[in-house]
Amino acid sequence: MKRREFLLFSASSTGVLLPTLPYFAASGASAELSASGDGLGAAARSAIIEDNFRGVEITMPDGSRKLYPDPSKWAFTFWPGAKWPESYGDGTNWLPANGECQTYVTPLISKVKGSPVADNLRYDPFSIRSDGLHIKASLLSPAQQSAYQIGGYRRFGSGMLLSRTSFTFGKIRMVAKLPAARGSWADLWLLPESHHWPPEIDIFETMPWGKHQQQLHYGVLVPKGTTGGFGNWTELGTDPSAEFHEYGLDWTPESLSGLFDGRVLWQQPAPASLQEDMYLIVNFAVGGKWVFNELNVQPIDSMSPERLSAGADLIQADYPAEMIIKSISVSALMR
């Protein structure tokens, strides 16, 4: 996947009801494994990230209390600034070069680029239930689109998680049930703490509708002039939107191994450009250039607003839709 321009973000202030938190968890929260060559079965493991999504109680801008993903563990958009949050969502709210049709939001804020969002217009993509964290993507009303300062083809609200902890190497696992709505694009991937792109590790990208109903896409993007990049679709043998499954990556200095329900789906040598701290990202995107290619929206590969709007028109009746995450864990591989 080509995720260009992901570093773009607005830096306007907002009203929040949470205390200021430091910029991510930076180097003090990162974990690294020396190249020991030990096998995974022989490695001792220590937790870097662990969340079963029971939630923490948060005060919302309207004064109500609700269970929410732990904001000490997760940011809710790309690259929050030095103060959390600095802009609506708390950083970049979509990847412009993908032509995505959603904005990532969190109702923990009370303003968008300095303008108040009325309580009755605030969109909340997150809910904690007995089976885990639900991330809901919905078509926003015209009034909500105006409040969030979006519109045209960018007409959906959705949610994402970005870990506040970075790490190099480890055992990554997520148990989730993926959305099947047309245009849904649920991903589990990593970007570098340095904020330079590439590299990028895509544990999976999914479009479980149409020809990819029982497939996932995986891959690595490497910096220009380096080697080791790869990417492909692979068969799962089941529909990932029908029930919960475990998705994983074993990332060592020597190799990358992608897993599905405990079995290895693919394995590749680890490119040298991946030897750096990275953040874990889970996102539920809606639409975009690649997605609309899969739906045969013409002209293929076009990023014109007219084409993206036609794609959004095609899929919007399929929403709201949900991605459900039961658990996420990252364990360090130690000597």
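### Here we look at the overall build of the protein chain
In terms of regular secondary structure, the protein chain is built from three helices and 21 strands. When the 335 residues of the protein chain are sorted by exposure, 56% land in the buried category. In the protein chain, once contacts between residues fewer than 6 apart in sequence are set aside, the share between residues at least 24 apart is 70%. Accessible area of the protein chain: about 12,900 Å², with a carbon and sulfur share of 50%.

### Regarding the environment of Leu139
Structurally, Leu139 can be placed in strand S9 (residues 132-139). Separated by 177 residues in the primary sequence, Leu139 and Gln316 place their C-alpha atoms 6.5 Å from one another. With near-sequence residues (within four places) excluded, Leu139 lies in contact with Arg155, Phe156, Gln316 and Tyr319.

### What to know about the nonpolar core
Ranked by internal contacts, the top residues of the largest apolar core, which has 79 residues, are Leu161, Leu190, Trp251, Leu256 and Ile325. When sequence neighbours within four positions are dropped, the list of residues in contact with Leu256 reads Ile201, Val220, Phe230, Leu249, Asp250, Trp251, Trp266, Gln267, Gln268, Ala270, Pro271 and Leu274. Ile109, Val112, Val117 and Ile150 belong to the second largest nonpolar core, which has ten residues in total.

### Remarks on unusual backbone geometry
Trp197 connects to Pro198 through a cis peptide bond whose omega is -15°. Inspection of the secondary structure puts Pro198 in the loop between strand S13 (184-192) and strand S14 (200-206). A cis amide bond, omega 25°, links Pro198 with the succeeding residue Pro199. Looking at where Pro199 falls in the secondary structure, it is placed in the loop between S13 and S14. Of note in this structure, Asp261 is not a glycine but carries a positive phi near 50°. Tracing the chain through its elements places Asp261 in the loop between strand S18 (255-260) and strand S19 (263-269). Although it is not a glycine, Asn296 adopts a positive phi angle of roughly 60°. In this structure, Asn296 sits in the loop between helix H2 (289-294) and helix H3 (305-315).

### A closer look at the packing of aromatic side chains
Scanning the model with the defined rule gives 16 aromatic pairs in all. Relative to Phe126, the ring of Phe76 has its centre 5.3 Å away and its plane inclined at 50°; by these criteria the two rings are tilted. Residue Phe76 is located in the loop between strand S4 (74-75) and strand S5 (102-104), and its partner Phe126 is located in strand S8 (residues 126-129); the two are separated by 50 residues in the primary sequence. Judged by centre distance (5.4 Å) and plane angle (70°), the rings of Phe169 and Trp251 are edge-to-face. Linking Phe169 in the loop between strand S11 (160-167) and strand S12 (170-177) with Trp251 in strand S17 (residues 245-251), this pair joins segments that are 82 residues apart in sequence. Here the two residues Phe169 and Trp251 agree in accessibility, since each one is buried. Three or more aromatic residues link up through ring pairs in this structure, and these residues are Tyr68, Phe76 and Phe126. Sitting above the plane of the Phe244 ring, Lys326 keeps its charged end 4.3 Å from the centroid.

### What about the side chain of Ser163?
Structurally, Ser163 can be placed in strand S11. In terms of polar contacts, Ser163 uses its side chain to reach the backbone carbonyl oxygen of Thr165, at 2.7 Å.

### Examining the side chain of Thr234
Tracing the backbone shows Thr234 in strand S16 (residues 230-235). The class for Thr234 is buried, based on a relative accessible area of 14%. Excluding residues that lie within four positions of it along the chain, Thr234 makes contacts with Gln214, Gln215, Leu216, Tyr218 and Leu265.

### Section: the pattern of salt bridges
Within this structure, the stated rule accounts for nine salt bridges. A salt bridge links Arg122 to Asp119; the shortest N-O distance between them is 2.8 Å. Taking the relative accessible area as the measure of exposure, Arg122 reaches 15% and is therefore buried. One salt bridge connects Arg155 with Asp313, and the closest N-O pair in it is separated by 2.7 Å. Taken together, the residues span a long stretch of sequence, with Arg155 in the loop between helix H1 (142-147) and strand S10 (156-158) and Asp313 in helix H3 at a distance of 158 residues. Its relative accessible area of 48% is what places Asp313 among the partly exposed residues. Salt bridges sharing partners connect three or more residues here, namely Arg173, Glu246 and Asp250.

### As for H3
All buried positions along H3 are accounted for by Arg307, Leu308, Gly311, Ala312 and Ile315. The arc that holds the buried residues of H3, viewed along the axis, is 140°, so those residues lie on one side. On its buried face, H3 is in contact with S10, strand S20 (278-286) and H2.

The rules behind each value
Residues numbered from 1 in each chain as written. Predicted model: local features only at pLDDT ≥ 70, side-chain atom pairs only at ≥ 80, totals over all residues. Heavy atoms only, no water. Helix = DSSP H or I, 4+ residues; strand = E, 2+ residues; numbered from the N terminus. Buried < 20%, exposed > 50% of the residue type's maximum accessible area, 1.4 Å probe, protein only. Contact = heavy atoms within 4.5 Å. Areas by Shrake-Rupley, 256 points an atom, 1.4 Å probe, with all protein chains shown as cover. Core = buried A, V, L, I, M, F, W, Y, C linked by side-chain atoms within 4.5 Å. Phe/Tyr/Trp six-rings, centres within 6.5 Å; stacked < 30°, edge-to-face > 60°. Lys NZ or Arg CZ within 6 Å of the ring centre and 35° of its normal. Polar contact = N/O pair within 3.5 Å; in protein donor to acceptor, adjacent residues only side chain to side chain. Salt bridge = Lys/Arg side-chain N within 4 Å of Asp/Glu carboxyl O. Arc of directions from axis to C-beta.

These figures come from the coordinates and say nothing about function on their own.
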